[in-house]
Amino acid sequence: MAEHAPHLAEIEMRDNGKLAAEVTMQVRYLADYIHYYAGLADKVESHVIPTDKPGVFTYTKYEAKGVIAIITPWNSPLALTTWKLAPALAAGCTVVIKPSEFTSASMIEMAKLFTLAGFPPGVVNVVTGFGHEVGEPLVTHRDVAHIGFTGGEASGQKIYELAARSFKTVTLELGGKSPNIVFDDANLEQAVKGVVSGIFAASGQTCIAGSRLLVQDSIHDVFVERLVEFMRGAKMGDPARMETQIAPIATRPQFDKIMGYIEIAKAEGARCALGGKAWHAPSGGAFVEPTIFTGVRNSMRIAQEEVFGPVLCVIPFKDESEAIAIANDVNYGLASGVWTQSLHRAMLMTDKIKAGTVWVNNYRATSFTSPFGGYKRSGIGRESGVDAIKEYLHTKCVWLSTDLNVANPFIRR
Ligand code: NAD
């Protein structure tokens, strides 16, 4: 995978329009995911349990769940597949992958590498097609034991319902409306960069987008001014060019959805401090200008619903308790950012925010070493890190009798 990263990245960039600079780095990194879980494959150790029952030797055994269905969205197809594929293979499972109908090509190409690497036939399989036509039969297939899904909330809900009919297990990585919280004691120069990376990297088409900027009211105006200044010069254009900073939107329906939300925000009374329009590139493509709305109340749709585009809402707050209340007042809980130089504040916020990830004085880092997943409607289960392999394993408990006499059969011990 490391060797073929440039080729895979090129396909992915052409399919979803993501910056070549980002996608190449992302695809190269996938080989590290594989290495990490390959290293874990022989470290799934079971336990001897010092049980309270006399005359038995009891231990656990982990067994591969079986066939895993992996269903992924279009924004980071290979990365989000590998997050599931690597631990599933390390657990001893086989997989059937269904990539997004918008971005299937890179997965088909990556699957060839498993043949080249000498995997037995049938261990890594790919099927392509629409969610309802191909995804649903895969989810409901009797031989599939677990579904690893990343995608939108509605599809996640449907998959969860379908899986429940036959009591399959699921990991669901869904959407977000993550708060990026800037206190007045933060290093503002660093915080501006963190807020930009949170919402404008990948043109906001990322589940961890820090789409709600919560700013302490004492620095609201100066911070917004700095942010607008930073973004005014952002270079939009061809994602293949290394100097491009803002890439196009991946699909026409997604572009229409983002433009729809911009209209909703304006109708709700939010003030547009930057952008708010489509950008017509000379070479074509669906671009949305980096957009910043101020005067947003957390109850507005633009603050509550996932846009999945380069649209930032700015919401002022007075103090820590108001910041916590606003941060948690959404249906989602995927990620969050906190910018402060106070250790006390940082610790308080990491305790109180209901989200699977809290970044303090940084934003958007992920690693194969570190668990990732959501609270509330952002999902179920965790990917990455040592424990992720357990999502693909059954725990079996074995009781060996060390007593020659079988106890009274009418009394449960
Ligand atoms: P989507 O839910 O429309 O599609 C995701 C995948 O699910 C596709 O492969 C699709 O074909 C399949 N699918 C859809 N309906 C299905 C069904 N009924 N049965 C089986 N499969 C079905 O999502 P999308 O538009 O491709 O991606 C954007 C969404 O993904 C956003 O909401 C974003 O937040 C989310 N996302 C989440 C994470 C995360 O890790 N939490 C990461 C990236 C994207």
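Here is what the cut-offs are and how they apply
Residues numbered from 1 in each chain as written. Predicted model: local features only at pLDDT ≥ 70, side-chain atom pairs only at ≥ 80, totals over all residues. Heavy atoms only, no water. UniProt positions renumbered as here; feature names shortened; annotations may be inferred. Helix = DSSP H or I, 4+ residues; strand = E, 2+ residues; numbered from the N terminus. Buried < 20%, exposed > 50% of the residue type's maximum accessible area, 1.4 Å probe, protein only. Pairing = 2+ DSSP bridges. Contact = heavy atoms within 4.5 Å. Axes fitted to C-alpha atoms, helices over the stretch in contact; angles between N-to-C directions. Near = heavy atom within 4 Å. Polar contact = N/O pair within 3.5 Å; in protein donor to acceptor, adjacent residues only side chain to side chain. Areas by Shrake-Rupley, 256 points an atom, 1.4 Å probe, with all protein chains shown as cover. Salt bridge = Lys/Arg side-chain N within 4 Å of Asp/Glu carboxyl O. Domains from an automatic or database assignment. Buried area = accessible area lost by both parts, 1.4 Å probe.

**Q** Mind showing me how you'd approach the UniProt feature "active site" (unreviewed entry) in the chain here?
**A** UniProt's entry tags Glu173 with the feature "active site" (unreviewed entry), counted in the numbering of this structure. Here glutamate 173 shows up in strand E7 (residues 169-173). Residue glutamate 173 is classed as buried on the basis of its relative accessible area of 3%.

**Q** Whenever I open this one, the sheet that holds strand E9 (residues 212-216) confuses me. Can you help?
**A** Read from one edge of the open sheet, 7 strands run E10-E13-E14-E9-E8-E16-E17, paired in mixed fashion. Two strands in the sheet have a free side with no partner beyond their single neighbour: strand E10 (271-274) and strand E17 (359-360). Across 3 bridges, the pairing between strand E13 (residues 291-294) and strand E14 (residues 311-317) is parallel. Residue pairing across strands places threonine 291 opposite valine 311, the latter belonging to E14. Helix H7 (residues 188-199) rests against strand E8 (179-182), E9, E14 and strand E16 (337-339) of the sheet, and its axis sits at about 170° to E8.

**Q** What exactly am I supposed to notice about the site of the ligand here?
**A** In the neighbourhood of the ligand, 28 residues make up the surrounding shell, with Thr72, Glu101, Ser155, Leu174 and Glu306 lying closest. Tryptophan 74 has a polar side-chain atom sitting 3.1 Å from an oxygen atom of the ligand. For the ligand, the protein covers 89% of the area, taking 850 Å² as the surface of the free molecule. Among the secondary structure elements, those contributing two or more residues to the shell around the ligand are helix H5 (131-140), strand E6 (144-150) and helix H6 (153-165).

**Q** Even after reading the chapter, I still don't get unusual backbone geometry, so can you show me in this structure?
**A** Residues other than glycine seldom take positive phi values, yet alanine 202 does so here, at roughly 55°. Summarising the element assignment, alanine 202 is placed in the loop between H7 and E9. With a relative accessible area of 10%, alanine 202 lands in the buried category. The phi dihedral of serine 384 is positive, around 70°, even though this residue is not glycine. Relative to the assigned elements, serine 384 resides in the loop between strand E19 (379-380) and strand E20 (393-401).

**Q** Would you mind showing me how to read the UniProt feature "domain: Aldehyde dehydrogenase" (unreviewed entry) in the chain here?
**A** Cross-referencing UniProt, the feature "domain: Aldehyde dehydrogenase" (unreviewed entry) maps to residues 1-398 in the present numbering. Helix makes up 37% of residues 1-398 and strand 20%. Its end C-alpha atoms lie 39 Å apart.

**Q** Would you take a moment to explain the pattern of salt bridges for this structure?
**A** Going through the model one piece at a time under the given rule, you end up with 18 salt bridges. The partner of lysine 277 in a salt bridge is glutamate 289, with the nearest N and O atoms 3.6 Å apart. Within this pair, whereas lysine 277 is found in the loop between E10 and strand E11 (278-279), its partner glutamate 289 is found in the loop between strand E12 (287-288) and E13, the two being separated by 12 residues in sequence. Accessibility expressed as a relative area gives 16% for glutamate 289, which makes it buried. For the salt bridge of glutamate 322 with lysine 318, the shortest nitrogen-to-oxygen distance reads 3.7 Å.

**Q** Would you take a moment to explain the domain arrangement of the chain for this structure?
**A** By domain assignment, the chain separates into domain 1 (5-174 + 378-399) and domain 2 (179-360). Relative to domain 2, the C-alpha centre of domain 1 lies at a distance of 30 Å. Every contact between the two is made by 17 residues of domain 1 and, on the other side, 20 residues of domain 2. For the pair domain 1 and domain 2, the two sides together bury roughly 1,500 Å², of which 65% comes from carbon and sulfur. Contact with domain 2 buries area across many residues of domain 1, yet Leu19, Trp74 and Ser378 alone supply 37% of it, more than any other trio. In this assembly, domain 1 and domain 2 are joined by 0 salt bridges. Seen at the junction of domain 1 and domain 2, the total is 5 residue pairs in polar contact (both at pLDDT 80 or more). For the side of domain 1 that touches domain 2, the elements supplying multiple residues, two or more each, are helix H1 (5-16) and helix H2 (20-40).

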